[in-house]
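Each chain, letter by letter, is given below.
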Amino acid sequence: MTPFVFHTPPAIVFESRASRRLDEIAVKRLGKTVLFVTDPGLRRLGLCDPAAGALRRAGVEVTIFDEVEADPSLATLMKAVEAGRHARATGVLGFGGGSSLDVAKLAALLLGSGEDLDEAWGVGNAKGPRLPLVLVPTTAGTGSEVTPVSIITVGEEEKRGVSSPLNLPDIAVLDPELTIGLPPAITAATGVDAMVHAIEAYASKSANNNPLSRMLARQALQLLGANIEMAVFDGKNVAARSAMLLGSMLAGQAFANSPVAAIHALAYPIGGTFHVPHGLSNALVLPHVLRFNAPEAAHIYAEIACDAFPRLDRGEGSQAICAAFIEELAALAQRLGMQTRLREVGIGEEHLAKMAADAMKQTRLLVNNPREVSEADALAIYRAAW
Ligand SMILES: [Zn+2]
């Protein structure tokens, strides 16, 4: 048996309307003064109110920091830390999409340990201890509530990450009702991102690819594949929203321990330079990277194809199933109304070479890819996707 390590939060609460019961679920852990980290949109929509109200009902003093933007900056993180220091926070609650959760993770770390962030970047460098941390996702996709990674934008467009088990919350609270109002385009992009997490985790060449991650990835693909269209086209369908939130969390647990690869590596230059949302960036290169990987990984993709698309269970060989799987994924993006070509998101052909060079810098991800990717390969994949 190949040795492995598996990290996940000690407690996960999955329950409709759970965010209205944070007094019962989270106050014991967070203490009496909570830094509530979220974004201005959620605040404006009043989505935070029931959650903050539940904390206040338990006598908690709640300081709301609502300045988190997409691709959160170092300045925003430091402002959140300052707000927490000023309030003498005893715990941090992250409430929102991946960005808010990422800021909450590092705010809890810096408030708890007072350590120098410059020494914490990278894998396993954070020292801790951190403040108690509870994460409440409001999108179904990033899986950030169960992953050890926090990504912060430093300077104009450099993304830096802290990966540490300290970034796993004490409690992840998943409340499908919070995702009911997500617009179709965001539901589609974040849902495909979650599917990519499952696919890349399952096929990851990481030495820590493990049976738990593979099991979780398959269950995630079943939930995501069966429900993504319903969630996009009938957003008020609570059963579909619940399945998407659960599926994205399972995919998050999978890739938290069996990391993602070339799809994410090639997506980063698209998101970083052209400010295309993360999920859409992944979707744009997804079929093309899988086609590139197929000579090495067709048998692996064939194992999970029927989880996402049960109609592919036609008793064919792994090459044929893999090819059909890739076609199904491409067709799915189309049915969901997503853009499917790089040229449709404002990328000119002249940008592709620089993007290929940038993608090669994602060595931490590329090493996990089932097939080795050269810069020329990356360029060919971008051309196919253009
Ligand atoms: Zn992703």
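A brief look at the structure comes next. Every residue gets a number counted from 1 within its own chain, in the order that chain's sequence is written. For a predicted model such as this one, the threshold for reporting local features is a pLDDT of at least 70, and the threshold for listing and counting side-chain atom pairs is 80 or more; totals across whole chains, interfaces and linings nevertheless cover every residue. To get the side-chain values, all heavy atoms of the structure are used, and hydrogens and water are removed first.

Each helix is a run of H or I in the DSSP string that is no shorter than four residues. Each strand is a run of E no shorter than two, and both are numbered from the N terminus. A count of helices and strands for the protein gives 15 helices and 9 strands. Throughout, the radius of gyration refers to the C-alpha atoms, and the reference size of a globule is 2.2 Å times the residue count to the power 0.38. Taken over the C-alpha trace, the protein has a radius of gyration of 20 Å; the compact-globule value for 386 residues is 21 Å, and the two agree within 12%. Seen along its three principal axes, the alpha-carbon backbone of the protein occupies a region of about 60 × 45 × 40 Å. For the protein, with 386 residues in total, the buried portion stands at 58%. Counting only contacts in the protein whose residues sit at least 6 apart along the sequence, the fraction spanning at least 24 positions is 76%. When the accessible surface of the protein is summed, it comes to about 15,400 Å², and 55% of that surface belongs to carbon and sulfur atoms. Here the protein holds 34 positive side-chain charges and 41 negative ones, and the gap between their average locations is 4 Å. For each residue, the accessible area found with a 1.4 Å probe, counting protein chains only, is set against the maximum for its type, and the residue is called buried under 20%, exposed over 50%, and partly exposed in between. Contact criterion: two residues are considered in contact whenever any of their non-hydrogen atoms come within 4.5 Å of each other. With residues, only the protein chains shown are counted as cover, and all accessible areas are computed by Shrake-Rupley using a 1.4 Å probe. Only four residue types enter the charge count, namely Lys and Arg as positive and Asp and Glu as negative; His and the chain termini do not. Charge placement uses NZ in Lys and CZ in Arg. For Asp and Glu, CG and CD serve respectively.

Quantified by volume, the second largest pocket comes out at close to 560 Å³. Lining the second largest pocket are 22 residues, with E158, K159, R160, Y268 and Q362 sitting closest to its centre. Elements that contribute at least two residues to the lining of the second largest pocket include exactly β5 (122–123), β7 (149–154), β8 (158–163), α10 (262–274), α13 (352–359) and α14 (363–366). Both cavities and pockets are sets of points on a 1 Å grid over the protein atoms alone; in a cavity a 1.4 Å probe fits but cannot get out, in a pocket the set is open with protein on both sides within 12 Å along at least five of seven lines, and lining residues sit with an atom within 4 Å of a point. Grid points are joined across faces, edges and corners, and a volume is the space filled by probe spheres set on the points.

What follows is about the coordination of the zinc ion. Each protein donor to the zinc ion is listed here as D193 (OD), H197 (NE2), H264 (NE2) and H278 (NE2); together their distances run 2.1 to 2.2 Å. Around the zinc ion sit 4 donor atoms, and with donor-metal-donor angles ranging over 89 to 163° the site reads as irregular. Each metal site lists N, O and S donors within 2.8 Å (3.2 Å for Na, K and Ca). With water left out of the atoms, a site can look as if it is missing ligands. Read from N- to C-terminus, the donor residues coordinating the zinc ion fall into the pattern D-x3-H-x66-H-x13-H. Here the residue H197 occupies a position in helix α7 (residues 184–203), and H278 occupies one in helix α11 (residues 278–308), the gap between them amounting to 81 residues. H278 sits in the partly exposed class, given a relative accessible area of 31%. When four donors show all angles between 85 and 135 degrees the site is tetrahedral, when four or six donors have opposite pairs over 155 degrees and all other angles between 65 and 115 it is square planar or octahedral respectively, and in every other case it is irregular.

The next point concerns the pattern of salt bridges. A pair is scored as a salt bridge if a Lys or Arg side-chain nitrogen falls within 4 Å of a carboxyl oxygen belonging to Asp or Glu. Inspection of every chain in the model, using the stated rule, returns 21 salt bridges. In this structure, the salt-bridge partner of D170 is R29, at a minimum N-O distance of 3.4 Å. Highlighted residues: D170 in the loop between β8 and β9 (171–174) and R29 in helix α2 (residues 27–30), separated in sequence by 141 residues. For D170, a relative accessible area of 12% translates into the label buried. With its nearest N and O atoms 2.7 Å apart, the salt bridge here joins E67 to K79. With E67 in the loop between β3 (61–65) and α5 (74–87) and K79 in helix α5, this residue pair connects regions lying 12 residues apart in the sequence.

Patch criteria: residues need more than 30% relative accessible area and no salt bridge. Like-charged residues are merged within 9 Å; nonpolar side chains of Val, Leu, Ile, Met, Phe, Trp and Tyr are merged within 5 Å. A grouping of F4, L212 and M215 is seen on the molecular surface, where their side chains present a nonpolar patch of about 260 Å² in accessible area. Within the element layout of this structure, F4 appears in the segment before β1 (11–14). For F4, a relative accessible area of 34% puts it in the partly exposed group.

Before going further, it helps to spend a moment on the packing of aromatic side chains. Here a pair means two rings of Phe, Tyr or Trp (six-membered ring of Trp) with centres within 6.5 Å. Their orientation is stacked below 30 degrees between planes, edge-to-face above 60, and tilted elsewhere. Under the definition given, this model contains 3 aromatic pairs. When the centroid spacing of 5.3 Å and the interplanar angle of 35° are considered together, the rings of F36 and F95 count as tilted. Here the residue F36 occupies a position in strand β2 (residues 33–37), and F95 occupies one in strand β4 (residues 91–96), the gap between them amounting to 59 residues. F95 matches F36 in its accessibility class, with the two residues each being buried. Taken together, a centroid distance of 6.5 Å and an interplanar angle of 40° make the contact between Y301 and F325 tilted. Taken together, the residues span a long stretch of sequence, with Y301 in helix α11 and F325 in helix α12 (residues 318–335) at a distance of 24 residues. Taking relative accessible area as the criterion, Y301 reaches 2% and is therefore assigned buried. An aromatic cluster is built from Y301, F309 and F325, whose rings are joined through pairwise contacts. When the ring centre of W386 is taken as reference, the NZ or CZ atom of R343 above it lies at 4.2 Å. Charge-over-ring placement is defined geometrically: NZ (Lys) or CZ (Arg) within 6 Å of the ring centre, and within 35 degrees of the ring normal.

In this section: the nonpolar core. Judged by nonpolar contacts, the single largest core of 84 residues is most densely connected at L266, F325, L342 and Y382. Of the residues forming this core, the biggest block, 17 residues, is contributed by α11. Not counting chain neighbours up to four residues away, the residues in contact with L342 comprise I270, L284, I347, L352, M355, Y382, A385 and W386. The nonpolar core is taken to be a set of buried Ala, Val, Leu, Ile, Met, Phe, Trp, Tyr and Cys residues, with the residues joined through side-chain atoms within 4.5 Å. Of all hydrophobic cores here, the second largest spans 28 residues; its members include F65, V68, L110 and L111.

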